[in-house]
Amino acid sequence: MLKSIMCGAVRKDNVRQQVTLAGWVNRQRDHGGIIFIDLRDRDGIVQVVFNEQENKEAFDVAARCRAEYVVQVQGEVRARPTELVNSNIATGEVEVVAREVKILNESKPLPVPVAPDQPPADENLRLKYRYLDLRQPRMQRNLVLRHEIVRYIRNFLSERGFIEIETPLLIKTTPEGARDYVVPSRVHPGKFYALPQSPQQLKQLLMVAGMERYFQIARCLRDEDTRGDRQPEFTQLDMEMSFVEREDVMALIEELMTTLIETLTPEKKLLAKPWPRLTYAEAMARFGDDKFDMRFGMELRDVSELAKGAGFKVFDDAEQVKAIVVPNCATYSRKQLDDLTERAKAHGANGLAWAAVGENETRSSFGKFVGDERLRAILNQLGATAGDLALFIADMPSVVTATLGRVRVELADRLGLRDDSVLAFAWVIDFPLFQWNQEESRWDPSHHLFTSPLPEDMPLLWSEPGKARGAQYDMVCNNYEVGGGSIRIHDRKLQEKVFELIGLPYDVAQERFGHMLEAFEFGTPPHGGIAPGIDRLTMVLAGEPNIREVMAFPKSQSAVDLMLGAPSEITQTQLKELHLKIAE
């Protein structure tokens, strides 16, 4: 080994020990006769001292060192004088007096900064030089946290009887959500594999196979537009259990996540234990979103009954009127209120009404239309007091909830109400099993094709499918969906009924999903599972703004690998072997 100890592991217990270090020069400081090098490896930084009077040969080599040179140092650990202790780093009580130093590799000036005190580079440049960007201590901490999360999950599930099983990456294309990435087959001209959007069907077939408890740290690929919490390829904890009901899966995953957080990120505070449970209808009514943030108030309140019929046409003509109360913002200027109105319009509303509650008077954009008495009644229903700003949106319910929900989150960010040290986990249950597709006059599954209805709602599939609820459960935290799952269909007749409702012809269902339907005829046990996103969970625990910060080699926002230059063209020889032609 070229090192006997990690740089970040040197402590007072090592004083007077001979050590061999190896790493990168984080910084070199020449004090005339004495050179200090902050030597860095994945574990941290330690100060190395070179004294010209004591060891000129090592001093001369240190004088040649520049930032990011890779060096090996041999020397003795000594304690720093009390007045020179650096409390900002874990090794700050000691330093290494160099006896010998070797330059293992030199470095050109870096195109991206890696020191924590330097301003970050443009993200595209960071992704192009990702192998350098990952030298940042923050990025290394993120990848270590990700590793610890995965290791904890593996140990937790293995101790509870789960078996880790790999499933194939080359499967059959069965369009059921996002677009598939497809792979042409050379040996079967004109035919294609698909890359899995998730191992959904395979994990259900493992339940048919009698494995009973399966998990996998699974790679998933979806050809869909990217965003801050989405990538073309991502990783999820895929797990499935036989002979379970909804409560069993939720209890297990809540225990896993709670103990994981308390063990790996004890500095984080869970807002509530056990996690709150909200129905889908309640989540939409209170937060305007089914992946809500509970770390602050400003919940949506329905004031339709009081607001309508008072002579304000905007309210009178709307199907629904809802409001949020923003604390300590009654002093907002007209410019600030106009800006909020424009934000609401950008999210789909026609406008935004407001009322600023003062100690002696209330300013309002609609008070003159409804009168002082009606305005006071509305504000009393909202619980608005002096200093509060009430914001109203009137429209059809879907527009009201979605728009006001987004305004709520944006205001929380402006006001600094979203504390990243707090984790507000919750469950969302009782989703509608179907959503009506007006354009194609059919039902669409709200989760996926294999989600079972709640047992008590089963008869509704033959009478009122729009009222049926799915045995689905989503795990949400801090305005993100961290994972989703359901109890699955395990009966062929029920599965065929779902196919019928979503307008999937019998022959198409047989061609795409015949293997599943046939499997359900061979003693399939009741089963269910869940698939938390590893990237998104790590992002939330690391307090990062997007999942690219917790992935080693992510794609850009336009789904391009800027480091490798992918996607790229392939040669005519490859095209010929695959029996493909590029259409202009």
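What comes next concerns the included structure.

1. So, the side chain of Ser242
Alright, step 1. Here Ser242 lies in strand S10 (residues 233–242).
Alright, step 2. Here Ser242 falls in the buried class, since its relative accessible area comes to 8%.

2. Let's talk about unusual backbone geometry
Alright, step 1. A cis geometry characterises the amide bond from Lys273 onward to Pro274, with omega recorded as -10°.
Alright, step 2. With respect to the helices and strands, the residue Pro274 is situated in the loop between strand S11 (269–270) and strand S12 (277–279).
Alright, step 3. We note that Glu68 has phi near 75°; this positive angle belongs to a residue other than glycine.
Alright, step 4. By the element assignment, Glu68 lies in the loop between helix H1 (56–64) and strand S4 (70–79).
Alright, step 5. Given a relative accessible area of 4%, Glu68 falls into the buried group.

3. Points about the nonpolar core
Alright, step 1. The biggest cluster of nonpolar side chains holds 44 residues, and the ones touching the most others in it are Ile153, Leu157, Leu237, Met239 and Phe425.
Alright, step 2. If you list the elements that add at least two residues to this core, you get helix H4 (137–158), strand S9 (213–221), S10, helix H6 (246–264), strand S19 (425–429), strand S22 (472–477), strand S23 (480–487) and helix H16 (534–542).
Alright, step 3. Per element, the largest residue contribution to this core is eight residues, and it comes from H6.
Alright, step 4. Once residues within four sequence positions are removed from consideration, Phe425 is found in contact with Ile261, Leu270, Trp275, Pro276, Met475, Val476, Cys477 and Leu537.
Alright, step 5. If you look at the next biggest cluster of nonpolar residues, it comprises 25 residues, including Cys7, Val46, Phe50 and Ala58.

4. What to know about the packing of aromatic side chains
Each pair of aromatic rings is reported with the distance of its centres and the angle of its planes.
Alright, step 1. Under the definition given, this model contains 17 aromatic pairs.
Alright, step 2. Between Phe499 and Phe513 the ring centres are 5.2 Å apart and the planes differ by 25°, which places this aromatic pair in the stacked class. Note that Phe499 is positioned in helix H14 (residues 492–501) and Phe513 in helix H15 (residues 506–519), a separation of 14 residues in sequence.
Alright, step 3. Classification of Phe499 by relative accessible area gives buried; the value is 2%.
Alright, step 4. Judged by its relative accessible area of 0%, Phe513 falls in the buried class.

5. Some remarks on the sheet that holds strand S24 (residues 527–532)
Alright, step 1. Strand order in the open sheet formed by eight strands is S6-S9-S10-S24-S23-S22-S19-S12, with mixed pairing between adjacent strands. Whereas interior strands pair on both sides, the edge strands pair on one side only; in this sheet they are strand S6 (163–164) and S12.
Alright, step 2. With three bridges connecting them, S12 and S19 associate as parallel partners. By the bridge assignment for S19, Arg277 is matched with Trp427.

6. Side note on the packing of H4 against H6
Alright, step 1. Direction vectors running N to C along H4 and H6 enclose 135°, while the axes themselves pass 10 Å from each other. Taken together, H4 and H6 sit at an angle that is classed as oblique. Both H4 and H6 take part in a crossing whose hand is right-handed. Each of Glu148, Ile149, Tyr152, Ile153, Phe156 and Leu157 in H4 lies in contact with H6, whose residues at this interface are Leu252, Glu255, Leu256, Thr259, Leu260, Thr263 and Leu264.
Alright, step 2. Of the residues in the contact of H4 with H6, the class split is nine nonpolar, two polar and two charged.

7. So, H15
Structural remark: α-helix, 3.6 residues per turn; residues separated by three or four positions point the same way.
Alright, step 1. Here H15 is 14 residues long, yet its end C-alpha atoms lie only 17 Å apart, well below the 20 Å a rise of 1.5 Å per residue gives.
Alright, step 2. Those residues of H15 that fall on the buried side of the exposure criterion are Ala509, Phe513, Gly514, Met516, Leu517 and Ala519.

8. A word on the sheet that holds strand S13 (residues 301–302)
Alright, step 1. The five strands lie next to each other as S13-S14-S17-S15-S16, forming an open sheet whose pairing is antiparallel. Strands with a single pairing partner mark the edges of an open sheet, and in this sheet they are S13 and strand S16 (362–364).
Alright, step 2. Bridge count between strand S15 (residues 353–357) and strand S17 (residues 389–395): four bridges; the pairing is antiparallel. Bridging across to S17, Ala355 finds its partner in Ala390.
Alright, step 3. Contacts from helix H12 (residues 372–382) reach S13, strand S14 (320–326), S15, S16 and S17 within the one sheet, and its direction differs from that of S17 by about 100°.

9. Some details on helix H7 (residues 280–287)
Alright, step 1. The complete set of buried residues in H7 reads Ala283, Met284 and Phe287. Projection of H7 onto a plane perpendicular to its axis shows the buried side chains occupying an angular sector of 100°, all on one side.
Alright, step 2. Summarising the contacts, the buried residues of H7 are in contact with S12, S14 and helix H13 (397–414).
Alright, step 3. Of the residues trailing H7, Gly288 is marked for its positive phi of about 70°.

Definitions and cut-offs
Residues numbered from 1 in each chain as written. Predicted model: local features only at pLDDT ≥ 70, side-chain atom pairs only at ≥ 80, totals over all residues. Heavy atoms only, no water. Helix = DSSP H or I, 4+ residues; strand = E, 2+ residues; numbered from the N terminus. Buried < 20%, exposed > 50% of the residue type's maximum accessible area, 1.4 Å probe, protein only. Core = buried A, V, L, I, M, F, W, Y, C linked by side-chain atoms within 4.5 Å. Contact = heavy atoms within 4.5 Å. Phe/Tyr/Trp six-rings, centres within 6.5 Å; stacked < 30°, edge-to-face > 60°. Pairing = 2+ DSSP bridges. Axes fitted to C-alpha atoms, helices over the stretch in contact; angles between N-to-C directions. Parallel < 35°, antiparallel > 145°, perpendicular 65-115°, else oblique. Left-handed = near helix turned anticlockwise from the far one by under 90°. Nonpolar A, V, L, I, M, F, W, Y, C, P; charged D, E, K, R; others polar. Expected span 1.5 Å × (residues − 1). Arc of directions from axis to C-beta.

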